[in-house]
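Summary of the model geometry
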Amino acid sequence: MASLLDPTARGRVILVGAGPGDPGLLTVRAVEALKSADVVVHDGLIDPRVLDHAPATAQRISVAKQRARHTLPQEAINALIVAHVKTGAIVVRLKGGDPFIFGRGGEEVEAVRAAGLPVEVIPGVSAALGCAAGAMLPLTHRDWSSAVSFVAGQCKGLSEQDWSGLAGQGRTLVIYMGVATAEAIADKLMADGVAPDMPVAVLERGTYADARALRTLLADLGPMVARERVGSPAVIVVGEVVQLADAEDKLGAWATAAEAMA
């Protein structure tokens, strides 16, 4: 199988994780792959400085996706990649974060292999890890959490997902793509038995200069996201480790209501 160890090999795909945003978090191997590219097929949230590592002559194709509005369906992206590889091009498929964590990288690898074409994967710093590090929020901690889980806040609808046991004492839950459904997420977790006063952090634009880390309680998650006008990209962290985060406290209206009831 072709690899970066054979830079003369043509007609292959390199699936590259671009990390959560800051170009400084690219791996050395990711930069090497970009420098070899004839075609770069990239997500919409990729920092332009990352694309600068590709040759000026490389074709850059955006397949940006937004909630409920995709430039191309996944099947068309797969076909686009395969078509370019069949011309003999080195195609770098550049994805935010890590391609195998909610990046549909597995589907793209399957499509390329089904076409009988060589493919390799270069992992990237996932959004959860990058954003948490920026907020000084350890996802596991000997005193607070011995397990961490990753879920998607939009995949196939919340009602079809079973998160039982993923959040609570001694456990950390990281939710990707959950800003738009934050209130429903909080309701779902509380219905599953997670305490309303469980600490929650929302990490917006993690690793960028304008990153925000906002902390509240689970019952206040939806209202806080609305009050603070939180936008994507952002991840939500639920668990006792949130108490350790370097974050702004945004308890807001829920605390006032709770004090009134006390």
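The shown structure was predicted, so the numbers you read here are calculated from the model rather than taken from an experiment. (Residues numbered from 1 in each chain as written. Predicted model: local features only at pLDDT ≥ 70, side-chain atom pairs only at ≥ 80, totals over all residues. Heavy atoms only, no water.)

**Overview of the packing of helix H3 (residues 74–86) against helix H4 (residues 105–114)**
- At a minimum axis distance of 10 Å, the contact between H3 and H4 shows a crossing angle of 45 degrees. On the basis of their axis angle, the class for H3 and H4 is oblique. Helix-helix and strand crossings are classified by hand; for H3 and H4 the assignment is right-handed. Packed against H3, whose contacting residues are Gln-74, Ile-77, Asn-78, Ile-81 and Val-82, the element H4 presents Glu-107, Glu-108, Ala-111 and Val-112 at the interface. (Axes fitted to C-alpha atoms, helices over the stretch in contact; angles between N-to-C directions. Helix = DSSP H or I, 4+ residues; strand = E, 2+ residues; numbered from the N terminus. Parallel < 35°, antiparallel > 145°, perpendicular 65-115°, else oblique. Left-handed = near helix turned anticlockwise from the far one by under 90°. Contact = heavy atoms within 4.5 Å.)

**Let's talk about the pairing of strand S6 (residues 90–95)**
- Of all six residues in S6, six are buried; the element is thus mostly enclosed.
- Here S6 shows a buried face lined by Ile-90, Val-92 and Leu-94 and a second buried face lined by Val-91, Arg-93 and Lys-95.
- Across six bridges, the pairing between strand S1 (residues 12–17) and S6 is parallel. The partner of Val-13 across the bridge, within S6, is Val-91.
- Pairing of strand S2 (residues 39–42) with S6, which is carried by four bridges, proceeds in the parallel orientation. In the sheet register, Val-40 faces S6, and the bridge partner there is Val-92. (Buried < 20%, exposed > 50% of the residue type's maximum accessible area, 1.4 Å probe, protein only. Pairing = 2+ DSSP bridges.)

**Describing the side chain of Glu-204**
- Inspection of the secondary structure assignment puts Glu-204 in strand S10 (residues 199–204).
- The exposure class assigned to Glu-204 is buried, which follows from its relative accessible area of 10%.
- Here Gly-231 takes part through its backbone nitrogen, which lies 2.7 Å from a polar atom of the side chain of Glu-204. (Polar contact = N/O pair within 3.5 Å; in protein donor to acceptor, adjacent residues only side chain to side chain.)

**Here's the deal with the sheet that holds strand S3 (residues 59–62)**
- Here we have five strands laid out as an open sheet, ordered S3-S2-S6-S1-S7, and parallel in their pairing. The sheet is open, and its two edges are formed by S3 and strand S7 (119–122), each paired on a single side. Shown here is a sheet whose adjacent strand axes are inclined to one another by a mean of 20 degrees, direction ignored.
- Packing of H3 onto the sheet brings it into contact with S1, S2, S3 and S6, and relative to S6 it is tilted by some 150 degrees.

**Things to note about helix H6 (residues 182–191)**
- What H6 keeps buried is the set Ala-182, Ile-185, Ala-186, Lys-188 and Leu-189. One face of H6 carries all of its buried residues, which in axial projection span an arc of 165 degrees. The exposed residues of H6 that point more than 90 degrees off its buried face are Glu-183 and Ala-191.
- On its buried face, H6 is in contact with strand S9 (170–176), helix H7 (221–227) and strand S12 (234–238).
- Two residues or fewer after H6 comes Gly-193, characterised by a positive phi angle close to 105 degrees. (Arc of directions from axis to C-beta.)

**Observations concerning the confidence of the model for the chain**
- Predicted confidence across the chain gives a mean pLDDT of 90, with 89% of residues reaching 70 or more.
- Below pLDDT 50 for its whole length, residues 1–5 participates in 16 contacts with residues either more than four positions away or in separate chains. (pLDDT = per-residue confidence, 0-100.)

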